[in-house]
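Survey of secondary and tertiary structure
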Amino acid sequence: MLRTLRDRLLKRQASLRSAEIFDSYVARLPRLQNAVDAIGGWSCAFPPECGVSAGEIEAFDDSRIRWAIDCFGSLAGRSVLELAPGEAGHSFLLESAGAHVEAIEPSRADFIRCLVAKEVMRLQRTRFWLGDMEAFLRETNKRYDLVVACDALRRFADPLAATALLARRADALFIHTPIAPAAGNTLPRRDDLIETLRDAGFSKIREAKSGPAAALSIFARK
């Protein structure tokens, strides 16, 4: 009982701290940097022409996403489901290629960063949703032209089962994920992931030639 009371107190204190941050006012001229500074913990760097300072990772020019777009072909007018968009760098690349993007982000903090990035990058055809990815994949009947799951499978308890769920939503998938060298790991093994894709009807499977050995980039099409 004491532990329960303590947990409730800690949760309330965290909630109050969060409320204090967002209930405060900014005494500076309106500018995009104010929005970026409103939430800390940024990992990605915005393009220099945006004139704002955030993180350091170049997610807004990620070669993995450019490779996936090259594999798919023209995205003009196509629908894309993106899982775990993080800070919207990949969303920007997909929209820039002409896609209409729906992005599901389970992290509250990253969801807010996506909304800030949407304003900074002036995204017009991207919609961000805050919620559980697996619940969405199980409940929705909507289909897309392409599903992008970059570093998203590790968010699922069963990455292979998640891959099978992704296969229901589109005839083309891009997956980038850390992989396990052997069975008995929470990460998927390369061969198991490819077998899951083939069982789901994906007959055309391409692997990126570059990248770390402990990770795998796959583009698959039915």
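Please refer to the structure higher up on the page.
Within the protein chain, the regular secondary structure consists of eight helices and seven strands. Going through the 222 residues of the protein chain one by one, you find that 43% of them count as buried. In the protein chain, once contacts between residues fewer than 6 apart in sequence are set aside, the share between residues at least 24 apart is 62%. Put simply, the protein chain shows about 12,600 Å² of open surface, and 51% of that area lies on carbon and sulfur atoms.

Mapped onto the elements, R113 comes out in helix α5 (residues 108–121). Judged by its relative accessible area of 9%, R113 falls in the buried class. Reaching out from R113, the side chain makes a polar contact with the backbone oxygen of G40 at a distance of 2.7 Å. At 2.7 Å, the side chain of R113 forms a polar contact with the side chain of D110. Dropping the residues within four chain positions of it, R113 is found in contact with I39, G40, G41, W42, G86 and E87.

Spatial ordering of the open sheet is given by β3-β2-β1-β4-β5-β7-β6, a layout of seven strands whose pairing is mixed. Sheet topology places β3 (126–130) and β6 (204–207) at the edges, where each strand pairs with a single neighbour. For this sheet the average axis-to-axis angle between neighbouring strands, irrespective of direction, equals 15°. Relative to strand β2 (residues 100–105), strand β1 (residues 79–83) runs parallel, the two being bridged by five bridges. Bridge pairing in β2 links V80 to V101. The strands that helix α3 (residues 63–72) touches are β4 (146–150), β5 (172–178), β6 and β7 (215–221); relative to β7, the one it contacts most, it runs at about 20°. Packing of helix α8 (residues 190–199) onto the sheet brings it into contact with β5, β6 and β7, and relative to β7 it is tilted by some 10°.

Burial analysis of β4 places five of its five residues in the buried class, the great majority of the element. Taking every second residue as pointing to the same face, both faces of β4 are buried, with L146, V148 and C150 on one and V147 and A149 on the other. Two strands pair when backbone bridges link them, and β4 and β5 are joined in this way by four bridges, in the parallel orientation. The partner of C150 across the bridge, within β5, is H176. As for the winding sense of the linkage, the β-α-β connection from β4 through helix α7 (residues 159–167) to β5 is right-handed.

Scoring rules and cut-offs
- Residues numbered from 1 in each chain as written.
- Predicted model: local features only at pLDDT ≥ 70, side-chain atom pairs only at ≥ 80, totals over all residues.
- Heavy atoms only, no water.
- Helix = DSSP H or I, 4+ residues; strand = E, 2+ residues; numbered from the N terminus.
- Buried < 20%, exposed > 50% of the residue type's maximum accessible area, 1.4 Å probe, protein only.
- Contact = heavy atoms within 4.5 Å.
- Areas by Shrake-Rupley, 256 points an atom, 1.4 Å probe, with all protein chains shown as cover.
- Polar contact = N/O pair within 3.5 Å; in protein donor to acceptor, adjacent residues only side chain to side chain.
- Pairing = 2+ DSSP bridges.
- Axes fitted to C-alpha atoms, helices over the stretch in contact; angles between N-to-C directions.
- Right-handed = clockwise from strand over helix to strand, strands pointing away.

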